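Results of the structural survey
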Amino acid sequence: MSTVLNLSLIEGRLTKDPELLYTKNGNAICKFDIAVNSNLKKGGEVINQVSFIAINTWNKVAECCAKYLKKGSLIRANGRLKQTTWANKDGKKMNKTFVEATSIEFLGGSNKSNKPKERSPF
């Protein structure tokens with residue numbers, strides 16, 4: 001039996017304010033999406049590519065994210081990739097891959113000023 005490594009470290013800006021929900025058992029879950037920019041050089045032209053990544057956090061981390069983050073906040077998420085599958089209203093099989101983050105670093109505010117990066121203990 002082999003061991004499989006599933007680690008994800010990703011940095012980006014929130015595309016909208018985070019959403020805080022609670023399970024029936026009272027566990028907090030915070031959901032948000034981030035935009036991750038990368039530049040690709042093709043010929044003599046630089047092309048900016050944007051990827052949108054869904055992030056889920058749980059419990060205390062979730063509550064802190066909901067309290068302190070907002071659209072445009074720069075974060076670094078550390079966790080693992082996870083995929084969910086469901087059937088839509090037409091019975092079509094759907095799936096979504098997201099990062100289930102165990103820790104979030106708050107790297108700064110919602111603007112791109114030269115303020116020093118803030119680190120969060122969460």
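Residues numbered from 1 in each chain as written. Predicted model: local features only at pLDDT ≥ 70, side-chain atom pairs only at ≥ 80, totals over all residues. Heavy atoms only, no water.

Things to note about the overall build of the protein
Each helix and strand in the protein was counted, giving one helix and six strands. Tracing the protein from N to C terminus, the helices and strands come up as β-β-β-β-α-β-β. The burial tally for the protein puts 30% of its 122 residues in the buried class. Intrachain contacts of the protein at a sequence separation of at least 6 include 57% that bridge at least 24 residues. Working note: accessible area of the protein is about 8800 Å², and carbon and sulfur atoms make up 50% of it. (Helix = DSSP H or I, 4+ residues; strand = E, 2+ residues; numbered from the N terminus. Buried < 20%, exposed > 50% of the residue type's maximum accessible area, 1.4 Å probe, protein only. Contact = heavy atoms within 4.5 Å. Areas by Shrake-Rupley, 256 points an atom, 1.4 Å probe, with all protein chains shown as cover.)

Focus: the environment of Ile53
Along the chain, Ile53 falls in strand S4 (residues 45-58). With relative accessibility at 22%, the residue Ile53 sits in the partly exposed group. Counting along the chain gives 20 residues from Ile53 to Asp33, while the straight-line C-alpha distance between them is 5.4 Å.

Description of the pairing of strand S6 (residues 93-108)
Pairing of S4 with S6, which is carried by two bridges, proceeds in the parallel orientation. Its bridge partner being in S6, Asn56 is matched across the sheet by Glu100. Both strand S5 (residues 74-87) and S6 contribute to a ladder of 14 bridges, which runs antiparallel. When the sheet's bridge partners are listed, Lys82 is paired in S6 with Phe98. Joining the antiparallel neighbours S5 and S6 is a turn of five residues, in which Gly91 adopts a positive phi near 85 degrees. (Pairing = 2+ DSSP bridges.)

A few points about the side chain of Ser73
Mapped onto the elements of the fold, Ser73 is located in the loop between helix H1 (59-68) and S5. The buried category is assigned to Ser73, whose relative accessible area is 4%. Among the polar contacts listed, one links the side chain of Ser73 to the backbone oxygen of Lys70, at a separation of 2.9 Å. (Polar contact = N/O pair within 3.5 Å; in protein donor to acceptor, adjacent residues only side chain to side chain.)

Looking at the packing of aromatic side chains
What the rule picks out here adds up to one aromatic pair. Here the aromatic rings of Tyr68 and Phe106 are separated by 6.4 Å at their centres, their planes lie at 50 degrees, and the arrangement is tilted. Note that Tyr68 is positioned in helix H1 and Phe106 in strand S6, a separation of 38 residues in sequence. (Phe/Tyr/Trp six-rings, centres within 6.5 Å; stacked < 30°, edge-to-face > 60°.)

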